[in-house]
Amino acid sequence: MSEKISQVVDAQRYSADTLEIDISDVSEGAMLVCETLQNNGYDGYLVGGCVRDWMLGLHPKDFDVATNATPEQIRPLFKRARIIGRRFKLVHVHHKREMIEVATYRAAPGDKASQHHKQSESGRVLRDNVYGSLSEDACRRDFTINSLYLDPVAKQVIDYQGGVDDLQNRRLKLIGDPDTRFAEDPVRMLRALRFKAKLGFVIPDDLEALIEKHHDHFRDVSNARLFDETFKLFHHAHAVESWHTLCEHAFLPMLFPLTEDEIERDEIVEDFILRALENTDRRVAQGKPVIPAFFFAVILWHAYLAERNKNPDLSSGREGVYRAAENVFRAQYPVIAIPKRVSSVIIEIWDMQWHLEMRRVKSIDGLLENRRFRAAYDFLLLRQKIGEIDSEIPDWWTRIQDEDDSGKREMVQALPRPKDQRRGRGPRRKKVN
Ligand code: ATP
Ligand code: MG
């Protein structure tokens, strides 16, 4: 598998300095992985989004490494490494708090013995786990701008696909025949929209037309992959832009059919979502944590309310909360597989809304100490912004967090006795600002 020398001859090589990539920006873990691979006689290059983002002056947070070593050869080189296999085998190397994904070079579909490749009738690639050379690996990547390899030891960028030129000219170009590449993997369409939203690149007309053409193939994509891609769309400081891009290309009804129905019914639903996405972008820009559960809690909130309202059995009690939530998740699941670890937090956020509104004396302390309090409180503030609840309630929760113990006690004692303690009232409408 040591085609490095002959293959590299065909590539353009640039010094990292001329591309204004500061090697000291490479994380300690990513550097260690590349150095260790190279010291053991293998290639070890950073690849994909991190190289692209550096060249655009952004600060990548996750690092992918490509190598000619097989997973079985990689694993013993590191203290904390494990082989994981989804569509293909990868190695996750852990270093301190970092996780670096190391992938063996793969061949592009059709390059190698065909029994390792499997395609559906529409041309979708179902299996593509054939190892290849560096130049083959460069070919099978999606866009030219994602096909750059950075050797952090030699401080060089290796470019087989003209990615440097395309990056400098802000061109989004698929590698190979675009029609075939979208048919092979419709997720690439969503990735094109993501790069448009994230990087502000224009999608050229021919790709626009193909996105329309392959629109329906998108329905065949695995729901687990769509969870990952949706996460990236909405948790990396370009959530608002991602939302508009998805709407513009009619991807919303495909990704979030229930939400689309609710938006059609009442425009306030989109207002609610956009306010949440603005918050998310602000938080990410400030380096604050964001959790996928919050995003999905927002996106599915009105579908959940509709579920509770239309079904009298589900309109009250904790049981009602769970069953209504399960119905919503079940309807969303064929498109996006929201994992249990996420859906259980969504339910907590939803369930806490009623408790926060009721402010029952005996539950105040528990709510303030609940590990989901912050998320549920932020959610409550959003609901107030669209007039779903009176501002008196979130204001009270805002104030009590700043009080000491005696101040808290006073606030609790001064609470009016709640008259209506029934569960599951529909939201009240009172538009604020
Ligand atoms: P981000 O910075 O948002 O993570 P990324 O381009 O690194 O963007 P990843 O999902 O981390 O996105 O993928 C890493 C690399 O793997 C990509 O840059 C690309 O080279 C390759 N890749 C990912 N998805 C595909 C795909 N569907 N088809 C072909 N290549 C892909
Ligand atoms: Mg990446």
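Residues numbered from 1 in each chain as written. Chains lettered and ligands numbered in written order. Predicted model: local features only at pLDDT ≥ 70, side-chain atom pairs only at ≥ 80, totals over all residues. Heavy atoms only, no water.

Caption draft 1: Representation of the overall build of the protein chain in the model. On a plain count of helices and strands, the protein chain comes out with 21 helices and 10 strands. For the protein chain, the proportion of its 433 residues judged to be buried stands at 53%. By element, 47% of the accessible surface of the protein chain is carried by carbon and sulfur atoms, the whole surface being about 20600 Å². (Helix = DSSP H or I, 4+ residues; strand = E, 2+ residues; numbered from the N terminus. Buried < 20%, exposed > 50% of the residue type's maximum accessible area, 1.4 Å probe, protein only. Areas by Shrake-Rupley, 256 points an atom, 1.4 Å probe, with all protein chains shown as cover.)

Caption draft 2: Highlighting unusual backbone geometry. One non-glycine residue, glutamate 20, adopts positive backbone phi at about 60°. Considering the arrangement of structural elements, one finds glutamate 20 in the loop between strand 1 (12-15) and helix 2 (28-39). Residue glutamate 20 is classed as exposed on the basis of its relative accessible area of 70%.

Caption draft 3: Quick peek at the packing of aromatic side chains. In the structure shown here, the tally under the stated rule is 18 aromatic pairs. Centre to centre, the rings of phenylalanine 234 and phenylalanine 295 are 4.5 Å apart; their planes meet at 20°, and the pair counts as stacked. Of this pair, phenylalanine 234 sits in helix 10 (residues 223-234) while phenylalanine 295 sits in helix 15 (residues 292-310), and the two are 61 residues apart along the sequence. The residues phenylalanine 234 and phenylalanine 295 share a single accessibility class, namely buried. Among the aromatic side chains, those forming a connected cluster through ring pairs are Phe272, Phe294, Trp301, Tyr304, Phe329, Trp350 and Phe379. One residue, arginine 359, lies across the ring of tryptophan 396, its end atom 5.2 Å from the ring centre. (Phe/Tyr/Trp six-rings, centres within 6.5 Å; stacked < 30°, edge-to-face > 60°. Lys NZ or Arg CZ within 6 Å of the ring centre and 35° of its normal.)

Caption draft 4: Structural context of the site of ligand 1. Near ligand 1 you find 18 residues, and of these Arg52, Asp185, Arg188, Arg194 and Lys232 are the closest. Arginine 194 is positioned such that a nitrogen or oxygen atom in its side chain is 2.4 Å from an oxygen atom of ligand 1. Take lysine 198: an N or O atom from its side chain is 3.5 Å from an oxygen atom of ligand 1. For ligand 1, whose unbound accessible area comes to 590 Å², protein coverage reaches 85%. The greatest single-element share of the shell around ligand 1, amounting to 5 residues, is contributed by helix 8 (residues 187-199). Looking at the shell around ligand 1, its residues break down into 1 nonpolar, 3 polar and 14 charged. (Near = heavy atom within 4 Å. Polar contact = N/O pair within 3.5 Å; in protein donor to acceptor, adjacent residues only side chain to side chain. Nonpolar A, V, L, I, M, F, W, Y, C, P; charged D, E, K, R; others polar.)

Caption draft 5: Examining helix 10 more closely. For helix 10, built from 12 residues, the straight-helix expectation of 16 Å at 1.5 Å per residue is met to within 8% by its first-to-last C-alpha distance of 16 Å. Along helix 10, the residues that are buried comprise Asn223, Leu226, Phe227, Glu229, Thr230, Leu233 and Phe234. Of the surrounding secondary structure, the elements contacted by the buried residues of helix 10 are helix 8, helix 11 (239-248), helix 12 (252-255), helix 14 (268-285), helix 15 and helix 17 (340-358). (Expected span 1.5 Å × (residues − 1). Contact = heavy atoms within 4.5 Å.)

Caption draft 6: Representation of helix 19 (residues 373-385) within the structure. Compared with the 18 Å implied by 1.5 Å per residue over 13 residues, the 18 Å span of helix 19 between its first and last C-alpha is a close match. With 10 of 13 residues buried, helix 19 is to be regarded as a mostly interior element. Among the residues of helix 19, those classed as buried are Phe373, Ala375, Ala376, Tyr377, Asp378, Phe379, Leu380, Leu382, Arg383 and Gln384. Structurally, helix 19 contributes buried residues whose contacts are with helix 14, helix 15, helix 17, helix 18 (364-369) and helix 20 (392-400). A positive phi of about 80° marks glycine 387, the residue just after helix 19.

Caption draft 7: A look at the confidence of the model for the protein chain. Of all residues in the protein chain, 89% have pLDDT values of 70 or greater, and the mean over the chain is 89. With pLDDT under 50 throughout, residues 1-9 is counted as low confidence; its partners more than four residues away or in other chains account for 14 contacts. (pLDDT = per-residue confidence, 0-100.)

Caption draft 8: A look at the pairing of strand 9 (residues 148-151). On strand 9, burial covers both faces: Leu148 and Leu150 on one face and Tyr149 and Asp151 on the other are all buried. As paired strands, strand 2 (residues 45-47) and strand 9 are joined by 2 bridges and run antiparallel to one another. Counterpart to valine 47 in the pairing with strand 9 is tyrosine 149. Bridge analysis of strand 9 against strand 10 (residues 156-159) gives 4 bridges, and the strand direction is antiparallel. (Pairing = 2+ DSSP bridges.)

Caption draft 9: The sheet that holds strand 4 (residues 81-85), seen in detail. Taken together, 8 strands build an open sheet; the order of strands is 1-10-9-2-3-6-5-4 and the sheet is mixed. Two strands bound the open sheet, and with one partner strand each, they are strand 1 and strand 4. Looking at each pair of strands side by side, their axes are set apart by 30° on average, direction ignored. In this fold helix 2 packs onto strand 2, strand 3 (64-67), strand 5 (89-95), strand 6 (98-104) and strand 9, with an angle of close to 35° to the strand it touches most, strand 6. (Axes fitted to C-alpha atoms, helices over the stretch in contact; angles between N-to-C directions.)

Caption draft 10: Focus on the pattern of salt bridges. Following the criterion strictly, the structure yields 25 salt bridges and no others. Where aspartate 137 meets arginine 140, a salt bridge forms, and the shortest distance between an N and an O atom there is 3.3 Å. Residue aspartate 137 and its partner arginine 140 are both found in helix 5 (residues 134-140); the two are separated by 3 residues, about one turn of the helix. Exposure remark for arginine 140: the relative accessible area of 15% places this residue in the buried category. A salt bridge links arginine 194 to glutamate 229, with the shortest nitrogen-to-oxygen separation between them at 3.4 Å. Within this pair, whereas arginine 194 is found in helix 8, its partner glutamate 229 is found in helix 10, the two being separated by 35 residues in sequence. For the pair formed by arginine 194 and glutamate 229, the shared burial category is buried. Salt bridges here are not isolated pairs; linked through shared partners, they connect Asp142, Arg191, Arg194 and Glu229. (Salt bridge = Lys/Arg side-chain N within 4 Å of Asp/Glu carboxyl O.)

Caption draft 11: Main features of the nonpolar core. One finds Ile21, Leu46, Leu150 and Trp350 to be the most contacted residues of the largest nonpolar core, which totals 102 residues. Of all the elements, helix 15 adds the most residues to this core, at 12 residues. Residue contributions to this core reach at least three from each of two domains, namely domain 1 (1-176) and domain 2 (222-423). If near-sequence neighbours (up to four positions away) are discounted, leucine 46 is found in contact with Val26, Ala30, Cys34, Val51, Trp54, Phe63, Asp64, Val65, Leu148, Tyr149, Leu150 and Pro152. Residues Ile364, Phe373, Trp397 and Leu415 belong to the second largest nonpolar core, which totals 16 residues. (Core = buried A, V, L, I, M, F, W, Y, C linked by side-chain atoms within 4.5 Å. Domains from an automatic or database assignment.)

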